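Here is what each chain is made of, one letter per residue.
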Amino acid sequence: MAFCGICGTQMEEHARFCPKCGAPANSGPVAPRAPASAPAAGQNTLMGVLSYLSILCLIPLFTAKDDPFVRFHTGQGLTLFLAEVLVSILSNILWRVLSYGLLWRAVGYLYGILGLFFLVLAITGIVHALQGFQKPLPVLGGIVLLR
């Protein structure tokens, strides 16, 4: 019985190529190996996703603080949440100060654009968490709040 040396799939005895991955068969039999490990599953993935959902980033911060995967995503989500709060406060102040001129409309548009930007960042973080990656977010990823 032969196994592929790349993916571990069982092959026919005289097969020249693996039927699953197409790798050339070795001359001798190779012991099967376990498939590549899947990304963090279950509670860790859920906590990673919760990290990017606004104020819900506090749930993984207090419940799964010892897991490095969750801690990384919680730090990214907390940075994103604080940036959202800061932009909201600043736009509210600018809105009130500029409410008598024509610039109040520009502040509203800018706030809407930044809201979409934060939404894209949150979706990017959620996708990274679901895939098991620890990639920093674009633009805000360099700001590290949790170590």
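A few points on the structure. No experiment lies behind these values; they were computed from the predicted model shown.

**Thoughts on the nonpolar core**
In terms of nonpolar packing, the biggest core is built from 17 residues, with Tyr-52, Leu-80, Phe-118, Leu-121 and Leu-140 touching the most fellow members. Among the secondary structure elements, those contributing two or more residues to this core are helix 1 (43-50), helix 3 (68-97) and helix 4 (103-131). Excluding residues that lie within four positions of it along the chain, Tyr-52 makes contacts with His-73, Gln-76, Gly-77, Leu-80, Ala-122, Gly-125, Ile-126, Ala-129 and Leu-137.

**A short note on unusual backbone geometry**
Notably, Ser-54 is not glycine yet its phi reads approximately 50°, a positive angle. Position of Ser-54 relative to the elements: it lies in the loop between helix 1 and helix 2 (58-63). Relative accessible area serves as the criterion here: at 35%, Ser-54 is assigned to the partly exposed category. Even without being glycine, Val-139 reaches a positive phi, approximately 70°. Note on placement: Val-139 falls in the segment after helix 4.

Here is what the cut-offs are and how they apply
- Residues numbered from 1 in each chain as written.
- Predicted model: local features only at pLDDT ≥ 70, side-chain atom pairs only at ≥ 80, totals over all residues.
- Heavy atoms only, no water.
- Core = buried A, V, L, I, M, F, W, Y, C linked by side-chain atoms within 4.5 Å.
- Buried < 20%, exposed > 50% of the residue type's maximum accessible area, 1.4 Å probe, protein only.
- Helix = DSSP H or I, 4+ residues; strand = E, 2+ residues; numbered from the N terminus.
- Contact = heavy atoms within 4.5 Å.

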